[in-house]
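If you want the building blocks of each chain, they are given just below.
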Amino acid sequence: MKISNAAKAFAAGLAAGATAAATAVQDGVFTTGEGVTTVLAILGALGITYAVPNRPAEADRATPGRGL
């Protein structure tokens, strides 16, 4: 099953944003600084995940018939 870079990036952004937001509201108040941190977590996860290729480098591939 092949997953596109955009789908991976969206899932990573959603996970990072949900984690940052859940941590930010633990005290019952969501401040502007926490909002900025949440947005930066989402954008950072989107960008980094989109930039990383889906397949491993040639040197990391297992040789067929020789195990891992």
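Described below are features of the structure shown in this document. (Residues numbered from 1 in each chain as written. Predicted model: local features only at pLDDT ≥ 70, side-chain atom pairs only at ≥ 80, totals over all residues. Heavy atoms only, no water.)

Details of the environment of G35
Mapping G35 onto the fold places it in helix α2 (residues 32-51). Exposure remark for G35: the relative accessible area of 16% places this residue in the buried category. As a C-alpha pair, G35 and A20 span 15 residues in sequence and 8.8 Å in three-dimensional space. (Helix = DSSP H or I, 4+ residues; strand = E, 2+ residues; numbered from the N terminus. Buried < 20%, exposed > 50% of the residue type's maximum accessible area, 1.4 Å probe, protein only.)

Remarks on helix α1 (residues 5-24)
Given a rise of 1.5 Å per residue, 20 residues ought to cover 28 Å, and the 28 Å separating the end C-alpha atoms of α1 matches this to within 8%. Burial in α1 covers these residues: A9, G13, G17, A20 and A24. Relative to the axis of α1, the buried residues are bounded by an arc of 70 degrees and lie together on one face. Of the exposed residues in α1, those oriented more than 90 degrees away from the buried face are L14, T19 and T23. (Expected span 1.5 Å × (residues − 1). Arc of directions from axis to C-beta.)

Focus on the side chain of T38
Position of T38 among the secondary structure elements: in helix α2. Residues contacting T38, with those up to four places away along its chain left out, are G17, A20, A21 and F30. (Contact = heavy atoms within 4.5 Å.)

Topic: the packing of α1 against α2
At a closest axis distance of 8 Å, the pairing of α1 and α2 adopts a crossing angle of 155 degrees. On the basis of their axis angle, the class for α1 and α2 is roughly antiparallel. Taken as a pair, α1 and α2 cross one another with a handedness that is right-handed. Residues N5, A6, K8, A9, F10, A12, G13, A16, G17, A20, A21 and A24 of α1 form the contact with α2, whose own contacting residues are E34, T38, A41, I42, A45, L46, T49 and Y50. Residues that form the contact of α1 with α2 fall into these classes: 13 nonpolar, five polar and two charged. (Axes fitted to C-alpha atoms, helices over the stretch in contact; angles between N-to-C directions. Parallel < 35°, antiparallel > 145°, perpendicular 65-115°, else oblique. Left-handed = near helix turned anticlockwise from the far one by under 90°. Nonpolar A, V, L, I, M, F, W, Y, C, P; charged D, E, K, R; others polar.)

Geometric descriptors of this kind do not, in isolation, establish any biological role.
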